[in-house]
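Here is what each chain is made of, one letter per residue.
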Amino acid sequence: MSFRLKTIIAITLLQSALLLVLIISVVNFLKQTNEEQLKLHAQNTSALFATSVTDAVLATDLASLQSFIDEVTTNQDVMYARILNNNDVVLAEGGKPGMLALDHSPDHSLAETQDGVFDTHVDITASGVTFGRIEVGISTHPLQQQLGRAHRWIMLIASIEVALVLVFSFLLGSYLTRQLRNLKQASENIALAGPGHQIEVVGNDEIAEVGHALNAMSTTLATSYQQLSESIDKQRELTEIASQNQAKNNAILTASLDAMITIDDLGHVLDYNKMAEQVFGWRYEEIHQKNLADFIISPQKRDAHHQGMQQFLLTKSSPVLNQRLELNAMHKQGHSVPIEINIAPIETEQGMFFTAFIRDISDRLAAETELRLAAQTFESSEAIFICDTNSVIMRTNNAFTRITGYRNDEVVGKTPKVLASGQHDQAYYEQMWNSLIVNGEWSGEIYNKRKNGEIYPEYLNISSVKSENGEISHYIAHFMDITEQKTNEEKLRSARYEAEMSNESKSRFLATMSHEIRTPMNAVLGILGLLKDTDLTPRQLELVQMGRESGELLLTIINDILDFTKMDIDKLQLEHTRFDLHKLLRNCNELLNSLAFKKQLALTLQLGPQLPQFVSGDPDRLRQVLINLINNAIKFTRHGQVKVSASLVSTNGHNAIIRCRVSDTGIGIKPDHLASLFDEFTMVDQTHSRRYEGTGLGLAICKRLVTLMKGEITVTSEINHGSTFDFTIELQLAQESDDKQELSAQQIKQLPLNNVRVLLAEDNPANQMVIKSILEFAELQVDVVSNGFEAVEAVRTLPYDIVLMDISMPEMDGMEATQHIRQLSAPACNVPIVALTAHTLQGDKDRFLQASMNDYLSKPIDREATLACICRWTQTDPAPAALSQTAAPSTQNMDDYALVDESILLQLVADTSADIVPDLLLLYIEDSESRLALIQDAIAATDYKTLEFECHTIGSSAIAHGNVKLHHIARSAERACQQEDFAQAITAGQQLVNLAQPSFEKLSKRAKQGFMPSGATNA
């Protein structure tokens, strides 16, 4: 599109737009003016009409009103007129046909008139009171005709003006185009011929001026072109010099030991050396030409940095330039870096630059901090002194003066001997120095002397300080006065001793009460037992049975109280033996099944599939908890069932967590009683009329026993629906073969021969009668004495096979009598002595063994246990009980014992059966061989505890299976371990290992021969 055409179009469009705006403004002005006139005409006409008819409306002169309306509507501009009273009742109306039928609302503007009629309403008032209104419609047709004529004239005038603009634009464009073509031609000539070309200029107008300017520009360009060529040559020389300088700068930046960063006045990084990369972590490529503040200045200080730069650019002054400042900068990894910075401004022709010389001062600040900490530590509450390598004191702190009384100037230049108390020998100090030389430090308690001569205890720590080459340069000693601590320790020891003495008094009282209560109870229960075996009438038998049950209940209560008291003074400790957990649970149920049967209750037992059978722990205490809970469940259940279950919760190495649950369908427990159910002496029913007897200690004992077994016990209950007691315990897993072997040994039923002579030492006449009757019923010969003196004299006089010795007797007790008997000449000194005791505290067993007793029986005396004990100690080759470790050593030579005792094997056949004895023997051999490996390992490792345990186990098994000689050697090794004669223990243990194989081979050969049933002749 040509410039001329563009000029014509532009002028035409501009003029047309102006005309359009003008036309619209004029039309709107005309329309608005006429509309205002119409509204004014309508309002004035209506108001005039209202005034004219006011009297007629007040008089309700309908004829006059109608006459007025007819006269008004003769006006061609009035389309209709209507007069109404206050009730909107038409009083008179008239107008063009069809107009009265329409709904006429008052119009407020011409735009609201849709029917060509401008409607207006005026109220008819008199004295401020409205009596009606007059409605008038004025025709808008004359106004619309007038506006239409105005529109047509305006458009005609606008069209004429646009045509004139087109003509004028064409003429102007032609003139301008001709002059511009000349300028274009001139520009092309300059481009081709170069600066300096001139054009011919015609006229004096602006276009002519442009031509003159073009000629001047051409002349100037020619001159500038010449100067530019000269400047380029000079710039080339300067570039070479700048390149050389840049190389020097780069070498300086690279070799600098400080970080160097240069930025421009906008903060963009220009130079950034290798040391800056090490200090801040950003590589040159990451930070070049980017704003430095975004990388190394913390966000909190960026605004201040920008404001400082702007202030400098305006005022050319800044308090931070050319100054050594210490600041914190940001590292790429986000942490703060302490720096020392000096910023130098550089003003050049290219602008202002800033070069910063930066040094990382982290190491310096750390060293300063260490020095401050060391200084602060030196003035701590601990006394400190520093010595050189010659032990000469160089410096002390205030705490040193406070504790020792010596000022710093009084000890500097002296050795620590000035503090020596004289209570330590030379060897003590030599050991101290040896520790310092070898380990670099020594610490311990030492007694030193203050300036006033007072000796005081202190805790001293001495450390050596080494130089960079590893040589000791100084010694630093820290100490604190522990006089108060020593005083408190002494008070604590005294208080502990008093507490232990108090517990010991409780223990002695408990032992005495146990004896004084259980001894007469033994007599009562024993006499009732003897009486029951006589010929009695049914009524007498009922009374005896009632007395026996009452006595047993009283004994149970006594046992509960004693057990609880033992727990209360921490005298009760758990045993650790192997047992069959399944069998124990079944035995508990079988024991109480008769009670459940009497109440017609179902007592069931459910064992979990993963429940281990063989475990190690305290079976008696576990049985005590189970029986207590099951017995309570039966007691408080009238109908339904009692369900006992056991399952494995988890295992951890060699330990297992076992859960036992006892559920019943009994009377239940109220919720407010559950919280205190396991408290001491607590019963759900505390009234004097309660139906169920007890001490209220059973569940408290259960809780403590379960806690001792590393478990917990809980209860849930619902009134009239039953209760569930749930407890967990921790037991150690055991090998099945070990447990079976012990069970096999325990299954041997032992009865004494009828020619055994027994000495009974018992001071209580009732107990004498009970025990003597038990023994004589078994056809044993019994002599009775009443104190220890009589017992010693009897053993010295007559050859007894065994002595049953009461512990608590007048004049001389059982333990002292045993010591006197052991001092007699052989064979009287070797008589087996079994303690009869009501002492059941932990540690009593050890005391009996240390007093050279062989075994013990707990009161009340059990008939079968008593006879079995006598049998064990009166056999030709006795099988010692579990407590026979410290029995008096036998004088019989080991060579006199057989490898295999046939009589023991025959007894084993009689007690079991000929079919299973070979299997029992092979099982024993297999288990013992595995234990021999443990014994050999224990000998090699000098593990005497394991050696004692394994010798005890293999010794018990050996005698039960006929390996008599092996049994005695095992007992010899066991006793040596107990007496801490470790050399003899190693010798006996090695003999045991050497003897085992021939003993096992002979027993295995005998097992293969088989056995005849009991009573038949063995082929």
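Residues numbered from 1 in each chain as written. Predicted model: local features only at pLDDT ≥ 70, side-chain atom pairs only at ≥ 80, totals over all residues. Heavy atoms only, no water.

As named in an unreviewed UniProt entry, the chain is histidine kinase, taken from Motilimonas pumila. Looking at the Subcellular location (unreviewed entry) heading of the UniProt record, one finds this comment for the chain: "Cell inner membrane". (UniProt positions renumbered as here; feature names shortened; annotations may be inferred.)

A. Region of the structure containing the overall build of the chain. Of regular secondary structure, the chain possesses 30 helices and 26 strands. Of all 1019 residues assigned to the chain, the portion counted as buried reaches 39%. Excluding contacts between residues fewer than 6 apart, the proportion of contacts in the chain whose partners are at least 24 apart in sequence is 60%. Per element, the accessible surface of the chain, about 56,900 Å² overall, is 54% carbon and sulfur. (Helix = DSSP H or I, 4+ residues; strand = E, 2+ residues; numbered from the N terminus. Buried < 20%, exposed > 50% of the residue type's maximum accessible area, 1.4 Å probe, protein only. Contact = heavy atoms within 4.5 Å. Areas by Shrake-Rupley, 256 points an atom, 1.4 Å probe, with all protein chains shown as cover.)

B. Structural detail: the sheet that holds strand β6 (residues 269-272). The strand order across the open sheet formed by 5 strands is β6-β5-β9-β8-β7, and the pairing between neighbours is antiparallel. Two strands close off the open sheet at either side, each with one partner strand: β6 and β7 (325-330). Taken pair by pair, the neighbouring strands of this sheet meet at an average axis angle of 35 degrees, ignoring direction. Two elements, β7 and strand β8 (residues 336-348), share 6 bridges in a ladder whose sense is antiparallel. Directly across from Leu325, in β8, lies its bridge partner Ile341. (Pairing = 2+ DSSP bridges. Axes fitted to C-alpha atoms, helices over the stretch in contact; angles between N-to-C directions.)

C. Just the packing of aromatic side chains, in detail. Summed over the entire model, instances satisfying the criterion amount to 12 aromatic pairs. Seen from their ring centres, Tyr924 and Phe1000 are 5.9 Å apart, and the 90 degrees between their planes marks the pair as edge-to-face. Placement of the pair is Tyr924 in helix α27 (residues 917-941) and Phe1000 in helix α30 (residues 982-1009), with a sequence separation of 76 residues. Each member of the pair Tyr924 and Phe1000 is classed as buried. Members of the aromatic cluster, each reached through a chain of ring pairs, are Phe385, Phe400 and Phe479. Of note, Arg450 hangs over the ring of Tyr456, and the distance from its end group to the ring centre comes to 4.2 Å. (Phe/Tyr/Trp six-rings, centres within 6.5 Å; stacked < 30°, edge-to-face > 60°. Lys NZ or Arg CZ within 6 Å of the ring centre and 35° of its normal.)

D. Looking closely at the nonpolar core. Counting 40 residues, the largest nonpolar core has Leu626, Leu629, Ile630 and Phe727 as its most contacted members. Elements supplying a minimum of two residues to this core: α16 (581-598), α17 (619-635), β18 (641-652), β19 (655-664), α19 (698-708), β20 (712-718) and β21 (722-733). It is α17 that provides the largest number of residues to this core, a total of 7 residues. When residues no more than four places from it in sequence are discounted, the contact partners of Leu629 are Val662, Leu699, Cys702, Ile713, Phe725 and Phe727. With 31 residues, the next largest nonpolar core counts Leu921, Ile925, Ile939 and Val993 among its residues. (Core = buried A, V, L, I, M, F, W, Y, C linked by side-chain atoms within 4.5 Å.)

E. Inspection of the UniProt feature "transmembrane region" (unreviewed entry) in the chain at higher detail. UniProt feature "transmembrane region" (unreviewed entry): in the numbering of this structure it lies at residues 6-30 and 153-176. When the span residues 6-30 is considered, its composition is 100% helix and 0% strand, and the gap between its end C-alpha atoms is 36 Å.

F. Structural context of a nonpolar patch on the surface. A cluster of nonpolar side chains, namely Trp153, Leu156, Ile160 and Leu164, defines an oily patch on the protein surface of about 470 Å² accessible area. Mapped onto the fold, Leu164 is located in helix α4 (residues 141-193). (Patch = residues over 30% accessible without salt bridge, like charges linked within 9 Å, V, L, I, M, F, W, Y side chains within 5 Å. Salt bridge = Lys/Arg side-chain N within 4 Å of Asp/Glu carboxyl O.)

G. Looking closely at the sheet that holds strand β3 (residues 117-126). A sheet is described by the order of its strands in space; here 4 strands give the open sequence β2-β1-β4-β3, paired in antiparallel fashion. Only two strands of the sheet have a single neighbouring strand rather than two, namely β2 (90-95) and β3. Mean inter-strand twist for the sheet, computed between neighbouring axes without regard to direction, equals 10 degrees. Of the strand pairs in this sheet, strand β1 (residues 78-85) and strand β4 (residues 129-139) are connected by 7 bridges, and their pairing is antiparallel. Across the sheet, the residue bridging to Tyr80 is Gly137, located in β4.

H. Seen up close, the environment of Ile719. Along the chain, the position of Ile719 falls in the loop between β20 and β21. Each C-alpha atom of the pair Ile719 and Ile667 lies 6.0 Å from the other, and the pair is 52 residues apart in sequence. In contact with Ile719, not counting residues within four places along its chain, are Ile667, Gly668, Ile669 and Lys670.

I. Seen up close, the pattern of salt bridges. Enumeration over the complete set of coordinates arrives at 28 salt bridges. Note that Arg364 is salt-bridged to Glu326, the shortest N-O span being 2.3 Å. Taken together, the residues Arg364 in helix α10 (residues 362-378) and Glu326 in strand β7 connect sequence positions 38 residues apart. Note that Arg659 is salt-bridged to Asp726, the shortest N-O span being 3.1 Å. Here Asp726 lies in strand β21 and Arg659 lies in strand β19, a separation of 67 residues in the sequence. For Arg659, a relative accessible area of 30% translates into the label partly exposed. Within this structure, Arg82, Asp88, Glu93, Arg133 and Glu135 form a network of salt bridges that share partners.

J. Seen up close, the pairing of β1. For β1, the buried fraction is high: 8 of the 8 residues fall into the buried class. Pairing analysis gives 5 bridges linking β1 to β2, with the strands arranged antiparallel. Within β2, the residue paired with Ile83 across the bridge is Ala92.

K. A look at the side chain of Thr637. Counting through the fold element by element, Thr637 comes out in the loop between α17 and β18. On the basis of relative accessibility, which here comes to 0%, the residue Thr637 falls in the buried class. Of the polar contacts made by the side chain of Thr637, one reaches the backbone oxygen of Ala633; its length is 2.5 Å. Residue contacts for Thr637: discarding those within four places in its chain leaves Lys599, Leu601, Val642, Asp664, Thr665 and Gly666. (Polar contact = N/O pair within 3.5 Å; in protein donor to acceptor, adjacent residues only side chain to side chain.)

L. Layout of unusual backbone geometry. Here the residue pair Ala826 and Pro827 is connected by a cis peptide bond, since its omega of 0 degrees sits within 30 degrees of zero. In this structure, Pro827 sits in the loop between α23 (814-822) and β25 (833-837). Not every positive phi belongs to a glycine, and Asn322 is a case in point at roughly 55 degrees. With respect to the helices, strands and loops of the structure, Asn322 is situated in the loop between α9 (302-315) and β7. Of note, Glu980 is a non-glycine position whose phi angle comes to about 60 degrees, a positive value.

M. Layout of the UniProt feature "modified residue: Phosphohistidine" (unreviewed entry) in the chain. Under the present numbering, the feature "modified residue: Phosphohistidine" (unreviewed entry) in UniProt falls on His952. Here His952 lies in helix α28 (residues 944-960).

N. Expanded view of the packing of α27 against α30. At a minimum axis separation of 10 Å, α27 and α30 run at an interaxial angle of 160 degrees. Judged by the inter-axis angle, α27 sits roughly antiparallel to α30. Both α27 and α30 take part in a crossing whose hand is left-handed. In this structure, α27 uses Pro918, Leu921, Leu922, Tyr924, Ile925, Ser928, Glu929, Leu932, Ile935, Gln936 and Ile939 to contact α30, whose residues at the interface are Ile986, Gly989, Gln990, Leu992, Val993, Ala996, Phe1000, Leu1003, Ser1004 and Ala1007. (Parallel < 35°, antiparallel > 145°, perpendicular 65-115°, else oblique. Left-handed = near helix turned anticlockwise from the far one by under 90°.)

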